[in-house]
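Architecture and fold: a report
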Protein chains: 2
Amino acid sequence: MKVSKEQAQQNKQALLDAAGALFKQHGIDGVGVADVCREAGLTHGALYKHFADKQDLAAQAFTHAFRAGYDKVSTPRAGKARTLGTYLDAYLSKRVRDDLSKGCPLVSTACETGRQSEAVSRSFADAFVELRSGIEGVLPNAGDSGGDKAALANLMVAALVGAMAISRGVVKADRMLADEVLVQVHSVLDGM
Amino acid sequence: MKVSKEQAQQNKQALLDAAGALFKQHGIDGVGVADVCREAGLTHGALYKHFADKQDLAAQAFTHAFRAGYDKVSTPRAGKARTLGTYLDAYLSKRVRDDLSKGCPLVSTACETGRQSEAVSRSFADAFVELRSGIEGVLPNAGDSGGDKAALANLMVAALVGAMAISRGVVKADRMLADEVLVQVHSVLDGM
DNA sequence: TGTACATCAGTGAACGCGCGTTCACTGATGTAC
DNA sequence: TGTACATCAGTGAACGCGCGTTCACTGATGTAC
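Below is a summary of the structure that appears in this document. Keep in mind it's a predicted model, so treat the numbers as computed, not measured.

Before going further, it helps to spend a moment on the protein's contact with DNA strand C. The immediate surroundings of DNA strand C are formed by 25 residues, with Val33, Tyr48 and Lys54 of chain A together with Asn11 and His50 of chain B found nearest. At the protein interface, 54% of the atoms of DNA strand C within 4 Å belong to sugar or phosphate. Between DNA strand C and His44 of chain B there is a distance of 2.8 Å, counted from a base nitrogen to a side-chain nitrogen or oxygen. Here a base nitrogen of DNA strand C sits 3.3 Å away from a polar atom, N or O, in the side chain of Lys49 of chain B. Elements that contribute at least two residues to the surface near DNA strand C include exactly helix H2 (33-39) of chain A together with helix H1 (5-26) and helix H3 (47-50) of chain B.

Taken together, the contact pairs 53 residues of chain A with 53 residues of chain B. Roughly 3,900 Å² is buried in total at the junction of chain A and chain B, and carbon and sulfur atoms are behind 67% of that figure. When the buried surface of chain A facing chain B is broken down by residue, Arg115, Ile166 and Lys172 of chain A rank first, second and third, together holding 16% of it. In this assembly, chain A and chain B are joined by two salt bridges. Across the salt bridge formed by Arg132 of chain B and Glu180 of chain A, the nearest N and O atoms sit 3.1 Å from each other. Where chain A packs against chain B, one counts 14 residue pairs in polar contact (both at pLDDT 80 or more). Classifying every residue of the side of chain A that touches chain B by side-chain character gives 28 nonpolar, 14 polar and eleven charged.

So, on to the relation of the copies chain A and chain B. With an RMSD of 0.0 Å, the fit of chain A onto chain B corresponds to turning through 180° and sliding 0.0 Å along the axis. Taken together, the rotation angle and the small translation identify this as a two-fold axis.

Attention shifts here to the protein's contact with DNA strand D. Near DNA strand D there are 25 residues, and of these Asn11 and His50 of chain A together with Val33, Tyr48 and Lys54 of chain B occur at the shortest range. Restricting the count to atoms of DNA strand D within 4 Å of the protein gives a sugar and phosphate share of 54%. Within the backbone of Lys5 of chain B, an N or O atom sits 3.0 Å from a phosphate oxygen of DNA strand D. Within the side chain of Asp35 of chain B, one N or O atom sits 3.2 Å away from a phosphate oxygen of DNA strand D. Secondary-structure elements contributing two or more residues to the surface near DNA strand D are helix H1 (5-26) and helix H3 (47-50) of chain A together with helix H2 (33-39) of chain B.

Our focus in this paragraph is a positive patch on the surface. Taken together, Lys72, Arg77, Lys80 and Arg95 of chain A make up a surface patch of like positive charges. Within the element layout of this structure, Arg77 of chain A appears in the loop between helix H4 (54-74) and helix H5 (84-91).

Turning to the packing of helix H8 (residues 118-137) of chain A against helix H9 (residues 149-170) of chain B, a few remarks are in order. Where H8 of chain A contacts H9 of chain B, the axes come no closer than 8 Å and their chain directions differ by 130°. Compared by their axis directions, H8 of chain A and H9 of chain B come out oblique. Where H8 of chain A abuts H9 of chain B, its residues Ser121, Phe124, Ala125 and Phe128 of chain A lie against Ile166, Gly169 and Val170 of chain B. A class-by-class count of the residues in the contact of H8 of chain A with H9 of chain B yields five nonpolar, two polar and no charged.

Another aspect to go through is the packing of aromatic side chains. Residue and element names in this part refer to chain A. Inspection of every chain in the model, using the stated rule, returns six aromatic pairs over all chains. Arranged with centres 6.4 Å apart and planes meeting at 40°, the rings of Tyr70 and Tyr87 form a pair that is tilted. Of this pair, Tyr70 sits in helix H4 while Tyr87 sits in helix H5, and the two are 17 residues apart along the sequence. Here the two residues Tyr70 and Tyr87 agree in accessibility, since each one is buried. Each member of the aromatic cluster is reached from another via a ring pair, and the members are Phe66, Tyr70 and Tyr87.

Moving on, we come to the pattern of salt bridges. According to the stated counting rule, one finds 20 salt bridges over all chains in the structure shown. Salt-bridge contacts for Arg122 of chain A lead to Asp126 of chain A; the nearest nitrogen and oxygen are separated by 3.3 Å. Note that Arg122 of chain A and Asp126 of chain A are positioned in helix H8 at a spacing of four residues, about one turn of the helix. Asp126 of chain A gets classed as partly exposed once you look at its relative accessible area, which sits at 42%. A salt bridge links Asp71 of chain B to Arg67 of chain B, with the nearest nitrogen and oxygen atoms 3.4 Å apart. Residue Asp71 of chain B and its partner Arg67 of chain B are located together in helix H4 (residues 54-74), separated by four residues, close to a single helical turn. A cluster of three or more residues bridged by salt bridges with shared partners is formed by Lys94, Arg97, Asp98, Arg175 and Asp179 of chain A.

Note on placement: Ser167 of chain B falls in helix H9. A distance of 2.8 Å separates the side chain of Ser167 of chain B from the side chain of Arg97 of chain B, its partner in a polar contact.

Moving on, we get to the state of the cysteines. A full pass over the atoms with the stated rule returns zero disulfides over all chains. Here Cys104 of chain B is not disulfide-linked; the sulfur of Cys111 of chain A is the nearest cysteine sulfur, at 11 Å. Judged by its relative accessible area of 14%, Cys104 of chain B is buried.

The next thing to look at is the environment of Gln55 of chain A. All names here are of chain A. Within the fold, Gln55 resides in helix H4. Residue Gln55 is classed as partly exposed on the basis of its relative accessible area, which comes to 26%. C-alpha separation for the pair Gln55 and Glu118, spaced 63 residues apart in sequence, amounts to 9.2 Å. Contact partners of Gln55, with chain neighbours within four places excluded, come to Gln116, Ser117 and Val120.

Analysis parameters
- Position numbers for residues start from 1 in each chain and track the written sequence from start to end.
- Naming scheme: in the order in which they are written, chains are lettered from A and ligands are numbered from 1.
- Owing to the predicted nature of the model, reporting of local features is limited to residues with pLDDT of at least 70; listing and counting of side-chain atom pairs is limited to 80 or more, with chain, interface and lining totals taken over all residues.
- The side-chain numbers reported here are obtained from all heavy atoms of the structure, hydrogens and water having been left aside.
- Here a residue is near a molecule or strand as soon as one of its heavy atoms is found within 4 Å of it.
- Between N or O atoms, a polar contact is any pair within 3.5 Å; within protein, one atom must be a potential hydrogen donor and the other a potential acceptor, and residues adjacent in sequence are included only when both atoms are from side chains.
- Counting from the N terminus, the helices are DSSP H or I runs at least four residues long and the strands are E runs at least two residues long.
- Note on definitions: a residue-residue contact is assigned when non-hydrogen atoms from the two residues lie within 4.5 Å.
- Summed over both partners, the accessible area lost on bringing two parts together, with a 1.4 Å probe, is the buried area.
- In the sections that follow, a salt bridge refers to a side-chain nitrogen of Lys or Arg positioned within 4 Å of a carboxyl oxygen of Asp or Glu.
- Think of it as three bins: nonpolar holds Ala, Val, Leu, Ile, Met, Phe, Trp, Tyr, Cys and Pro, charged holds Asp, Glu, Lys and Arg, and polar takes everything else, Gly as well.
- Residues below a pLDDT of 70 in either copy are left out; the C-alpha atoms of the rest, at least 70 in both, set the least-squares superposition of the copies.
- The residues that make up patches have over 30% relative accessible area and no salt bridge, and they are joined within 9 Å when like-charged or within 5 Å when they are Val, Leu, Ile, Met, Phe, Trp or Tyr.
- Each accessible area is a Shrake-Rupley result for a 1.4 Å probe, and residues are judged covered by the shown protein chains and nothing else.
- Residues scored as charged are limited to Lys and Arg (positive) and Asp and Glu (negative), so that His and the chain ends carry no count.
- Every charge is mapped to an atom, namely NZ of Lys, CZ of Arg, CG of Asp or CD of Glu.
- Only the contacting stretch of a helix is used when fitting its axis, a line to C-alpha atoms as for every element, and angles between N-to-C directions run 0 to 180 degrees.
- For this classification, under 35 degrees means roughly parallel, over 145 means roughly antiparallel, 65 to 115 means roughly perpendicular, and everything else is oblique.
- A pair of aromatic rings is counted whenever rings of Phe, Tyr or Trp (Trp by its six-membered ring) have centres within 6.5 Å, and the orientation is called stacked for planes under 30 degrees apart, edge-to-face for over 60 and tilted otherwise.
- Buried means the residue's accessible area, taken with a 1.4 Å probe over protein chains only, is under 20% of the maximum for its type, while exposed means over 50%, and partly exposed covers the values in between.
- Here, a disulfide means two cysteine sulfur atoms that sit within 2.5 Å of each other.

This is the structure:
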């Protein structure tokens, strides 16, 4: 049956929320469209009224998930300055490491993106650039190194993404090692 | 029919080679056991004479692929010293970025490992520790920062893995951006 | 060295299952009069 | 404002297909005598 326009919009958001969490948790290839729709309280046929296909859903869900997480971190709270530490704490958190459905989709889908459609790659690139800009904006002004902030921002995002991916990769076999990676990378980046 | 023991060993190696390349290219979830066996010149039933199941194959293929690539980089060539630059050049290469079947399995399966069995995580952890040791061994002695080489090695591996994953993630949408990430991260790490 | 035979790596049909996508259909919504 | 009806979001059966794994079977290998 037809539903109201507001209901339809709500359903689309529910699909994006569900897809964001499930894709991060099990990978795009590891989740069926039926799973996403069930999680959103719909049947699988409904998906194709909102998205062209699974790749389209993946691309939009990526952007949706990135925006949700990034706005939380980058929007300055009342009275609290947004610093490099804000990014480091938010990114390199053990709690996020242990819950795959949480966290930045850059980490969850980094390796997978190379195998997905160009639309997914586009979403990924936009998110990366936005995070990199945000971090570049909070870098301390001109350090002793001469202050090539742009290059440093690239390194920082790469290290954040890599550290979380590695920590998640090793945690099942060696929890102490996983914690060590997060802590050490946090400490080195904090001192740059 | 039965084959000679040497032939059987050769076939197992062929399975590991095929699995290593295909898993890196399409992800563990993205490749069927039949694909791996076909690539190795066998039928799918043969796989279960060498490996308990697909996860077992994935774990052994990971180690096999890491060893093959790492030995090539870390074994000092005659007359050539093994330096940090050796690692950086080998890791942050555009050629490797553009051929998913090549390169370090740490990058290819980083995000995926969190969803695989503990055996895969074990292989991943061992490889990470080995690469980190190798890099720690070529770090310049005691920089101005006080020389916490262990922490720096963690950062370097995280940055290498993250930079390659990001470069691969964005390359379909923005090749210049993908190149920029590799170059900038290379340059910053080289100066540390 | 020659023969008889147990071993077992590899074969390929078969299993149950879940996948992404399509499509005829339903019926509340929202518009035209 | 009230009624008739076109719209279209959502349903659920059906499609062809490939998946991981099992298993009865094959026949060259390699061993025991």
